[in-house]
Amino acid sequence: MNQESVMHYQVDPWNYYMMRVRRRRMEEEDEMERVMRIVSESAVVIFSSSSCCMCHAMKSLFCGMGVNTMVHELDQDSKGKQMEKTLMRLLATNSTTLPVVFIGGKLVGSMDTLLAFHVNGSLVPLLKQAGALWL
Amino acid sequence: MVCYRGVLKGDLLDVRISSSGMNSPSAQFVSSRRMSVYDPIHQINMWGEGFKSNGNLSASLPLIDEADLKFDSSQSEDASHGILGTSHKYDQEANRPIDKIQRRLAQNREAARKSRLRKKAYVQQLESSRLKLMQLEQELERTRQQGMYMGGGLDSNNMCFAGPVNSGITAFEMEYGHWVDEQNRQISEMRNALNAHIGDIELRILVEGMMNHYAEIYRMKSAAAKADVFYVMSGMWKTTAERFFLWIGGFRPSELLKILGPMIEPLTEQQRLDIDNLGQSCQQAEDALSQGMDKLRQTLADSVAAGQFIEGTYIPQMASAMEKLDALVSFVNQADHLRQETLQQMSRILTIRQSARCLLALGEYFQRLRALSSLWSNRPREPA
């Protein structure tokens, strides 16, 4: 048995490698699907961490505007780490990115993008369009 | 027997001479100019030997001049007595070897002259070193003051910048000085341009120049925040009046809009609406960031407090406290980001001429705040 598996590895190293790559890709797709599923469930979805203060600031911002948000605390989620990695990939960045906000199922970004949208007046129409804000 | 005791002072030897009886016809004066180790006892023995060999004055030993002994004024009286007494005796007794004596005297004069020159050089060197030291101290004081009082003149209310010198902060302070100079220049230029009623195209160039200049200060602040976030948070580079209005390391955008509003009249209805919306958005963003800061303060306080009571977990608590300080950097960056976005949105809402007037008013407002700080710190104070 031992010898067989060893032989298998020695004989098909490329296939072995490709098998692992494929499995990882599937996991990543699963993660991405999971994220997509979560963000489509609510008009405004915030990926946050309960100890992160900038996340608290983002939650306060929406709260102050009278917008209901669904908050996903990644440090309290069993698959939180992988989701954070998926988000990092979505934002094309290597540094920790929380908080990340999705409006109407579409990615908006981190706090600085959100503030920029709010200051230039495009946040409110976006929220209205997603049904998170009524006049 | 004449006893000699000497103390080495720099290059010159200060010879203490105390006579205890004058049996001998000659007195020997030894000057050990370049000796680094002076052994008084040894010297006395040497001279004692020289004595015994019939007052054989070794021509190789340079003789001390009266002037050198005056170097130490407390002994000059004794010394001159000794010398005068001795030379008098020379003249009386040694008539035969007149040439020898003349030569000796010449050598003496020569040595004395050289000694005087050396002493002069030494004293000059001391004086110039003292001058240099004073200059260095002055410069140090000046740079220290500049570091503490940048942009505001002498202000005794500033806190001292404690801790090791932070090169990132020092660099920032220097750059800030240049930034303020450039800002003042741009403000004057804008004022002249508006008074001269120049065209929109040239005005746009000036407006963009000022906007880019503000972008520059935010870049500088971002780098400084990485070097020392507390420095940036406390607005240490600003004058006292500016610091009074401080919010997360800078001005509060909504407050500024309220001040500048009346200065950019007349506005169209749409502009008025847009400015109101901008003000509201700024207020909401500021409140959100302030709430985030409150949470940060609370968790930081908890981290620090928890460390004191639970033994063995003090160090891990400090690690989490340090992490919180990293979060502080991101708040400073977000606040600056908000300021910059507000300025840019203003320039989008307003016409070029209105933007120019707005930027001029903004620049002048901060100039006046700095002037106020200066006036306040230099006001005549009543004696206590």
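Residues numbered from 1 in each chain as written. Chains lettered and ligands numbered in written order. Predicted model: local features only at pLDDT ≥ 70, side-chain atom pairs only at ≥ 80, totals over all residues. Heavy atoms only, no water.

Helix and strand counts for chain A stand at six helices and four strands. Beginning at the N terminus, the succession of helices and strands in chain A can be written as α-α-β-α-β-α-β-β-α-α. When burial is assessed residue by residue, chain A has 39% of its 135 residues classed as buried. Excluding contacts between residues fewer than 6 apart, the proportion of contacts in chain A whose partners are at least 24 apart in sequence is 61%. Roughly 8200 Å² of accessible area belongs to chain A as shown, and the carbon and sulfur atoms make up 52% of that amount. (Helix = DSSP H or I, 4+ residues; strand = E, 2+ residues; numbered from the N terminus. Buried < 20%, exposed > 50% of the residue type's maximum accessible area, 1.4 Å probe, protein only. Contact = heavy atoms within 4.5 Å. Areas by Shrake-Rupley, 256 points an atom, 1.4 Å probe, with all protein chains shown as cover.)

With that settled, the discussion passes to helix 5 (residues 111–119) of chain A. Here helix 5 of chain A has its buried residues at Met111, Leu114, Leu115, Ala116, His118 and Val119 of chain A. Just downstream of helix 5 of chain A lies glycine 121 of chain A, where phi reads positive at about 85°.

It is worth spelling out the interface of chain A and chain B at this point. Listed as interface residues are 18 residues of chain A and, on the opposing side, 20 residues of chain B. Between chain A and chain B, the buried area comes to about 1600 Å², and carbon and sulfur atoms account for 68% of it. Summed over the three residues of chain A that lose the most area to chain B, namely Cys53, Met54 and Val119 of chain A, the buried surface amounts to 36% of that side. Where chain A touches chain B, the interface holds zero salt bridges. For the side of chain A that touches chain B, the secondary structure elements donating two or more residues are helix 3 (53–64) and helix 5 of chain A. By residue number, the principal contributor to the side of chain A that touches chain B is helix 3 of chain A, which donates seven residues. Per-class residue counts for the side of chain A that touches chain B are ten nonpolar, seven polar and one charged. (Buried area = accessible area lost by both parts, 1.4 Å probe. Salt bridge = Lys/Arg side-chain N within 4 Å of Asp/Glu carboxyl O. Nonpolar A, V, L, I, M, F, W, Y, C, P; charged D, E, K, R; others polar.)

What follows is about the nonpolar core. Nonpolar side chains tend to gather and get buried jointly when the protein is soluble and globular. Among the nonpolar cores identified, the biggest contains 96 residues, and Phe47, Phe62 and Leu127 of chain A together with Leu289 of chain B are the most heavily contacted of them. Filtering out sequence-adjacent residues up to four positions away, leucine 289 of chain B remains in contact with Met54, Ala57, Met111 and Leu115 of chain A together with Trp247, Ile248, Phe331, Gln334, Ala335 and Leu338 of chain B. (Core = buried A, V, L, I, M, F, W, Y, C linked by side-chain atoms within 4.5 Å.)

Before going further, it helps to examine the confidence of the model for chain B. All names here are of chain B. Across chain B, the average pLDDT comes to 76, with 66% of residues at or above 70. Within chain B, strand 2 (residues 12–19) has the poorest average pLDDT of any element, 42, and helix 6 (residues 200–227) the best, 94. Contacts for the low-pLDDT stretch residues 1–87, under 50 throughout, to residues beyond four places or in other chains number 118 contacts. Taken together, the stretch residues 151–162 has pLDDT below 50 and engages in 25 contacts with residues farther than four places along the chain or on a different chain. (pLDDT = per-residue confidence, 0-100.)

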